[in-house]
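Coordinate analysis (summary)
Each chain is listed here by its residues.
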Amino acid sequence: MKYFLWISFILVGIPTLAQGNLPISFFEGKSVVLISTDPSARPVMDWKVVADSVHQALVAAGGDPVAYYEIEQVALSEEVQSAYAKGFEQRMIKNILLVTRQKNQSSIHVGEFSGDGKIINSTSLFGVSGANLQEAKDSFAALGQNQRSKNLLVIDVPEFPGVESESGTAPEEASGFLARNPLNLDVFKLGIPIEGSSAQTGLLSYFRYDLFGRSQEAILAQQEAQKTQIQGILDQEYPYQVAWLTEAKSDEELVRDRTQFLLVRVEGRESDLKKSMGLESNPETQTQTVVKYYIKLIVRDELYIGPVWDADPDWRVALRNFLQNLQK
């Protein structure tokens, strides 16, 4: 398994039609649709309204969209994403459709389901874009005009089911999260993944409305600034050894280097994060987007979120809070 906090998102430009072709599997099997929509886009549409809007276009193109989910919920963390993937595998899903609605453009992309926790194998997927959702829908629906589809018995309206893993546990439920601090941080190194490293996970986040289309220059500048700030916070708040991770390494390689812990960052709505970690939400803050850090113990696959809820909308505050709470 490969571990990284973030992934570098590179976009050369968004043409009306992306390179490549629709995968043949799109016309021969079930698809799951993942949606991300900007709340500031007009007219206001939440992700379920977007699902209602695009469903007939996806069917007209020849697809069989059997379930709709919000990207932000599915990509909440590696653990949650893996649980969804198991559910998709059980339903014999063949394709992943990604709908991104932003203020000034909308896009629909298609890729084959990876069959594992990554959900998709690449961000270089076939897709169409338009100045608004209607244009993207029309362009996508037109793709089915000259293509014969084997998807005949499709649903008339979008469905929003829950997903269960093979163990029967819903992906939103806590899995391995412990509300306490790990032991032996003074003995083993804490791995700190570098933003923009050669990560293979987190590909779904590329299609979030707030990340899709950002320039490589802007991303690289932010990466460098964040690395400097993280180093400054660690120097002040973390007295033990760290290992900066710049490339993917297996569990065995990390352990051989005495790196048994990994610092993991997740970002999402506070209510979603708390639910995934087995905690109760605070009605006053449950809708705000926050950053939460936790430590993963590699050898036992245990996830330590600390004794106090310390997430914050500002990642710097969240990181400092978490490191300070490690001393409790």
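To keep things clear, this report deals only with the structure shown in the data block.

Let us look at the sheet that holds strand β5 (residues 126-130). Note on sheets: strands pair through backbone hydrogen bonds, and any given pair is parallel or antiparallel. Taking strand neighbours across the sheet as the criterion, the five strands line up as β2-β1-β3-β4-β5 in an open arrangement whose pairing is mixed. Whereas interior strands pair on both sides, the edge strands pair on one side only; in this sheet they are β2 (64-70) and β5. Each adjacent strand pair in this sheet contributes to an overall mean axis angle of 20°, direction not counted. Where strand β1 (residues 30-37) and β2 come together, six bridges link them in parallel fashion. Counted as the bridge partner of Val-33 is Tyr-68 from β2. Against the sheet, helix α1 (residues 47-60) engages β1, β2, β3 (95-101) and β4 (106-112), with an angle of about 160° to β2.

Let's shift gears to the sheet that holds strand β10 (residues 289-297). With mixed pairing, the six strands of this open sheet are ordered in space as β6-β11-β10-β9-β7-β8. Each edge of the sheet is formed by a strand with only one pairing partner; in this case those strands are β6 (177-178) and β8 (242-245). In this sheet, β8 lies alongside strand β7 (residues 189-193) in parallel orientation, the contact comprising four bridges. Within the sheet, the bridge partner assigned to Ile-192 lies in β8 and is Trp-244.

The next subject is helix α3 (residues 78-90). The terminal C-alpha atoms of α3, which comprises 13 residues, lie 19 Å apart, in line with the 18 Å expected from a rise of 1.5 Å per residue. All of the buried residues along α3 are Glu-79, Val-80, Gln-81, Ala-83, Tyr-84, Ala-85, Gly-87 and Phe-88. Backbone geometry just after α3 places Met-92 at a positive phi near 60°.

The buried count for β3 comes to seven of seven residues, which makes it a mostly enclosed element. Of the two faces of β3, both are covered, the one formed by Asn-95, Leu-97, Val-99 and Arg-101 as well as the one formed by Ile-96, Leu-98 and Thr-100. Two strands pair when backbone bridges link them, and β1 and β3 are joined in this way by seven bridges, in the parallel orientation. By the bridge assignment for β3, Leu-34 is matched with Leu-98.

Moving on, we come to the pattern of salt bridges. Taken as a whole and assessed by the stated rule, the structure comprises eleven salt bridges. Note that Glu-28 is salt-bridged to Lys-150, the shortest N-O span being 3.7 Å. With Glu-28 in the segment before β1 and Lys-150 in the loop between α4 (133-141) and β6, the pair connects residues that are 122 residues apart, well separated along the chain. The class of Glu-28 is partly exposed, set by a relative accessible area of 36%. Relative accessible area serves as the criterion here: at 62%, Lys-150 is assigned to the exposed category. As a salt-bridge pair, Arg-269 and Asp-272 come within 3.0 Å of each other at their nearest N and O atoms. For Arg-269, a relative accessible area of 25% puts it in the partly exposed group. Residue classification places Asp-272 among the buried positions, given a relative accessible area of 16%.

Reading the values: the criteria
Residues numbered from 1 in each chain as written. Predicted model: local features only at pLDDT ≥ 70, side-chain atom pairs only at ≥ 80, totals over all residues. Heavy atoms only, no water. Pairing = 2+ DSSP bridges. Helix = DSSP H or I, 4+ residues; strand = E, 2+ residues; numbered from the N terminus. Axes fitted to C-alpha atoms, helices over the stretch in contact; angles between N-to-C directions. Contact = heavy atoms within 4.5 Å. Expected span 1.5 Å × (residues − 1). Buried < 20%, exposed > 50% of the residue type's maximum accessible area, 1.4 Å probe, protein only. Salt bridge = Lys/Arg side-chain N within 4 Å of Asp/Glu carboxyl O.

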